[in-house]
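Analysis of the macromolecular model
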Amino acid sequence: MAPDPSNSSSSSFILVGVPHLEAFSACLGVLFCSAYIIALLGNGVVLLVIGLDKSLREPIHCFLAMLAVVDVLMVTSIVPKMLSVLWLNSTEIGGTACFVQMFLVHSTTSEESGVLLAMAVDRYVAICHPLRYRAILSHQTIAHIALAIVLRGFFFMIPLTWMVTNLPYCHSHVIPHSYCEHMAVVMLACADPRPSRLYSVAGSSLIVGMDVAFIAASYGMILNTVRGKRSCQKALSTCGCHICVMLLYYIPGILSIYTQQFSSTVSVPAQVLLADLYLTLPTMLNPIIYSMRTKQIRGALLKMLFSRKVIQRRDASGEPRRISPTRTMSTPNKSNTSHLPFLLIGIPDLAALHMWISIPFCLTYIMSLLGNGMVLLTVVLDKTLHEPMYYFISMLAVIDLIFSTAVVPKMLAVFWLDSREIGFEACFIQMFFIHTFTAVESGVLLAMSFDRYIAICNPLRYNTILTTSRTIQIGLLSLARGTGVMTPLMSLLTSLPYCRSRVIPHSYCEHMAVVALACADPAVSDLYSIIVATLLVGTDSVFIAFSYTMILRSVMRLPSQEARLKALGTCGSHVSIILLFYIGGLLSMYLQMFSFGSAPHVQVLVADLYLTVPPMLNPLIYGLKMKQIQEGMLKLLGQLVRPSVPQADKDRSGAERRRHHQKRIDPIMEQANARNELTQVPALQEPSGKEKPKLGTLF
């Protein structure tokens, strides 16, 4: 196929992002950024551990390293540009860069399928031919398998890339996608794209079909080998993670390619989101499922990061022996052993599921850090947001950062690294921060309800009543109240003698779980905590209810229905967070104190969710749903990440670039103006006589 003279491989394309969901670009960016960070950290740690630890040279570890490399390449080829589109509105991508991205995305998906097939063969050989395992899967054989996987992906994509780059692109250059996906790009060509589409569907179907068939054959022979044997469960347990990842990889991929190719009932945003999740979710979960569940890698990581000191003791023969510090507390003393550390269990009765349970907690923590950090930075740096309402939102962000950071890092260390030990002082410091900032957050929510009451019932006096100094005083008063009520409780708890078991059946130092270990009567501290918690929650709830009663009374007096809905719309997010905070808190507190027949792991899970979910949702509900903070974030990111152009280049070719850009954009803008639907990124006009663009392929 000879290229059309009008085709220019160096011309630029415009990426839309997720069509029709531009209002949620910031929220989507947070989700994909979180997945990208986890993917880089997880796969990077896997590669580092396997590379440094010489004991991890088994075939399965080599395949895990291959999987990590493929995942890093796959996710890095799309997410950085996707985030620049979603956050910075940097929608332009060069023609060559677009085709390079397409090549990397689709070749790495083919390579990942090949690695999964190789891992299935590894499990088959390890279970069905254990004595010949090292002979069959030698290092030379593994190298040949890796080379074959890479060459297969390259040979599949080279003809497809050649066909796509030789198409003439003389229509609109707007790609209704968040990356250069094959089908979305070829639909912009003014020549027949059916050869490339047919090659893509046939090639991906052949690759997926062959790999799935061989994987199924491998597991069929594994089942036939272990059926009826005592070691059946143990043998199959080594395959569970691989099966989960295969399902996670193939089902969304097959669903993406065939629903988007042959179904017109799926909306374009759903197609784009499905393709994006297919490329980001497996890369995030693979290192967690495969590596953290592999005892050897987990042990190597623990040895590399937490090389503990050991204590010298002498046994009965007088010879020194080395013991872990945690073993020194196996026999409790009858006196107060206040300087000995505690041991955190995690979630009782669910130790086998700790790795799976840790995944949502890790995700919520990363989203809490990103969301609250962005909200706080935006409010501090944008002077237009220096108003009482945004001050209270920044206070809430600071509290949530402290709140979640006091709990989640140690919780993940328990789940992932089996690092259960926590020092005596550290335990009570953690308890102090948790309960203090719970009281402080309740006070800030009360202050925010007061802010809404003044803004709706006394709008003309809003700036007079809630001045900057008064807002700061309210925040300091909330902090002083929380510190004041928790200091006596800490004094009561630290004065108790702890001469029983040092094992805390919880994932953090929760008050009731710790005092249960005391060998003295903790009735005084229990009574104090119940009275204080009830008074704080009761007082704040009464004043919040009073504020909203006055708000409803004022709103009902407004003449129009539209004005009433607008006024109440400013309170909806606050009411949702209040219910989430207080209902979860009361449920957690009374379950810990009275249990009501619930299982221990239910009590611990409720307490953990109460401490992690609100900090994740608060910035999404308060910050990212507010237009002013959204605009402040985009402006801030634009100032930090805006690419710089050398001055000489600006003087030499700035005018030419502007004329070229205007010439390319003018027809699209005229079409949008004619429909009275002018947006920031022009909508794709479908060429007449062509079918609706169908997005997404597996490869």
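Heads up: these notes are all about the structure in this document. (Residues numbered from 1 in each chain as written. Predicted model: local features only at pLDDT ≥ 70, side-chain atom pairs only at ≥ 80, totals over all residues. Heavy atoms only, no water.)

Bringing the state of the cysteines into the picture now. This structure, assessed with the given rule, holds two disulfides. Disulfide pairing is shown between Cys-427 and Cys-509; the S-S distance is 2.0 Å. Around the S-S axis, the bridge from Cys-427 to Cys-509 shows a dihedral of about -125 degrees and counts as left-handed. Taken together, the residues Cys-427 in helix 16 (residues 424-457) and Cys-509 in the loop between strand 8 (503-504) and helix 19 (511-515) connect sequence positions 82 residues apart. With a relative accessible area of 0%, Cys-509 lands in the buried category. (Disulfide = S-S within 2.5 Å. Helix = DSSP H or I, 4+ residues; strand = E, 2+ residues; numbered from the N terminus. Buried < 20%, exposed > 50% of the residue type's maximum accessible area, 1.4 Å probe, protein only.)

Attention shifts here to the nonpolar core. Formed by 146 residues in total, the largest nonpolar core has its most connected members in Phe-342, Phe-415, Phe-428, Leu-493, Tyr-498, Ile-504 and Val-514. In terms of residues, this core owes the most to one element, helix 16, which gives 15 residues. Setting aside its immediate chain neighbours within four residues, Phe-428 contacts Phe-342, Met-490, Leu-493, Thr-494, Tyr-498 and Val-514. The next biggest cluster of nonpolar side chains, apart from the first, holds 24 residues, and it includes Phe-103, Met-163, Ile-175 and Cys-180. (Core = buried A, V, L, I, M, F, W, Y, C linked by side-chain atoms within 4.5 Å. Contact = heavy atoms within 4.5 Å.)

Direction vectors running N to C along helix 13 (residues 354-381) and helix 14 (residues 388-405) enclose 150 degrees, while the axes themselves pass 9 Å from each other. With respect to their mutual orientation, helix 13 and helix 14 come out roughly antiparallel. Taken as a pair, helix 13 and helix 14 cross one another with a handedness that is left-handed. Counting all contacts with helix 13, which are made through Tyr-365, Ser-368, Leu-369, Asn-372, Gly-373, Val-375, Leu-376 and Val-379, the residues of helix 14 involved are Tyr-390, Ile-393, Ser-394, Ala-397, Val-398, Asp-400, Leu-401, Ser-404 and Thr-405. (Axes fitted to C-alpha atoms, helices over the stretch in contact; angles between N-to-C directions. Parallel < 35°, antiparallel > 145°, perpendicular 65-115°, else oblique. Left-handed = near helix turned anticlockwise from the far one by under 90°.)

The next point concerns helix 20 (residues 523-555). Helix length check: helix 20 (33 residues) gives 47 Å between terminal C-alpha atoms against 48 Å at 1.5 Å per residue, within 8%. Along helix 20, the residues that are buried comprise Ser-525, Asp-526, Ser-529, Val-532, Ala-533, Leu-536, Asp-540, Ile-544, Ser-547, Tyr-548, Ile-551 and Val-555. (Expected span 1.5 Å × (residues − 1).)

Here the focus is the packing of aromatic side chains. Applying the stated criterion to the full structure yields 19 aromatic pairs. On the numbers, 6.1 Å between centres and 40 degrees between planes, the contact of Phe-99 with Tyr-169 is tilted. Here the residue Phe-99 occupies a position in helix 4 (residues 95-128), and Tyr-169 occupies one in the loop between helix 6 (139-165) and strand 3 (174-175), the gap between them amounting to 70 residues. There is no split in this pair, since Phe-99 and Tyr-169 are both buried. For the ring pair Phe-581 and Tyr-582, a centre distance of 5.2 Å and an interplane angle of 80 degrees mean the geometry is edge-to-face. For the residue pair Phe-581 and Tyr-582, the accessibility class agrees, reading buried in each case. In this structure an aromatic cluster arises from ring pairing among Phe-342, Phe-424, Phe-428 and Tyr-498. One residue, Arg-502, lies across the ring of Phe-342, its end atom 4.6 Å from the ring centre. (Phe/Tyr/Trp six-rings, centres within 6.5 Å; stacked < 30°, edge-to-face > 60°. Lys NZ or Arg CZ within 6 Å of the ring centre and 35° of its normal.)

With that settled, consider helix 16. Since one α-helical turn is 3.6 residues long, residues separated by three or four positions face the same way. For helix 16, with 34 residues, the first-to-last C-alpha span of 50 Å sits near the 50 Å given by 1.5 Å per residue. A large share of helix 16 lies buried, amounting to 24 of its 34 residues.

With mixed pairing, the three strands of this open sheet are ordered in space as 7-6-8. With partners counted over all chains shown, the strands left at the sheet margins are strand 7 (421-422) and strand 8, one partner each. Pairing between strand 6 (residues 342-344) and strand 8: two bridges, direction parallel. Considered in strand 8, the bridge of Leu-344 is made with Ile-504. (Pairing = 2+ DSSP bridges.)

Packing of helix 16 against helix 20 brings their axes to within 9 Å, and their N-to-C directions diverge by 15 degrees. Relative to helix 20, the element helix 16 is oriented roughly parallel. Considering only the axes of helix 16 and helix 20, their crossing is left-handed. In this structure, helix 16 uses Ala-439, Ser-442, Gly-443, Leu-445, Leu-446, Ser-449, Phe-450, Arg-452, Tyr-453, Ile-456 and Cys-457 to contact helix 20, whose residues at the interface are Leu-536, Asp-540, Phe-543, Ile-544, Ser-547, Tyr-548, Met-550, Ile-551, Ser-554 and Val-555. Residues belonging to the contact of helix 16 with helix 20 are distributed by class as follows: 14 nonpolar, five polar and two charged. (Nonpolar A, V, L, I, M, F, W, Y, C, P; charged D, E, K, R; others polar.)

Turning our eyes to something else, we now look at the pairing of strand 1 (residues 12-15). Here strand 1 shows a buried face lined by Ser-12 and Ile-14 and a second buried face lined by Phe-13 and Leu-15. Sheet topology note: the strand 1/strand 2 (residues 92-94) ladder contains three bridges and is antiparallel. Residue pairing for strand 2: Phe-13 is matched across the bridge by Ile-93. Inspection of the sheet shows strand 1 paired to strand 3 by two bridges, in the parallel sense. Of the residues in strand 3, the one forming a bridge with Ile-14 is Val-174.

Before going further, it helps to spend a moment on the sheet that holds strand 1. Spatially, three strands are ordered 2-1-3 in an open sheet, and the strand pairing comes out mixed. The open sheet has two edge strands, strand 2 and strand 3, and neither has a second partner.

Inspection of the secondary structure puts Ile-551 in helix 20. Judged by its relative accessible area of 1%, Ile-551 is buried. The sequence separation of Ile-551 and Cys-457 amounts to 94 residues, and the corresponding C-alpha distance is 6.4 Å. Those residues in contact with Ile-551 that sit more than four places away from it in its chain are Ser-449, Arg-452, Tyr-453, Ile-456, Cys-457 and Cys-571.

Turning our eyes to something else, we now look at the pattern of salt bridges. Tallied over the full model, the rule gives six salt bridges. Here Arg-152 makes a salt bridge to Asp-211, at a shortest N to O gap of 2.9 Å. Of the two residues, Arg-152 is situated in helix 6 and Asp-211 in helix 8 (residues 194-226); the sequence distance between them amounts to 59 residues. For Asp-211, a relative accessible area of 1% corresponds to the buried category. Arg-194 is paired through a salt bridge with Asp-192; the nearest N and O atoms lie 2.9 Å apart. Judged by relative accessible area, Arg-194 falls into the exposed class, the value being 57%. (Salt bridge = Lys/Arg side-chain N within 4 Å of Asp/Glu carboxyl O.)

Now for the side chain of Glu-112. Tracing the sequence through the fold places Glu-112 in helix 4. Among buried Asp, Glu, Lys and Arg side chains, Glu-112 stands out as unpaired, with Arg-152 the closest opposite charge at 11 Å. Dropping the residues within four chain positions of it, Glu-112 is found in contact with Leu-67, Val-70, Asp-71, Met-74, Tyr-249 and Asn-286. (Lys, Arg positive; Asp, Glu negative; His and termini not counted.)

Turning our eyes to something else, we now look at the environment of Asn-372. Structurally, the position occupied by Asn-372 is in helix 13. Residue classification places Asn-372 among the buried positions, given a relative accessible area of 2%. As a C-alpha pair, Asn-372 and Ile-393 span 21 residues in sequence and 9.4 Å in three-dimensional space. Sequence-distant contacts of Asn-372, defined by excluding residues within four places in its chain, comprise Met-367, Ala-397, Asp-400, Leu-401, Pro-615 and Pro-619. Among the polar contacts made by the side chain of Asn-372, one reaches the main-chain carbonyl oxygen of Ser-368 at a distance of 2.8 Å. (Polar contact = N/O pair within 3.5 Å; in protein donor to acceptor, adjacent residues only side chain to side chain.)

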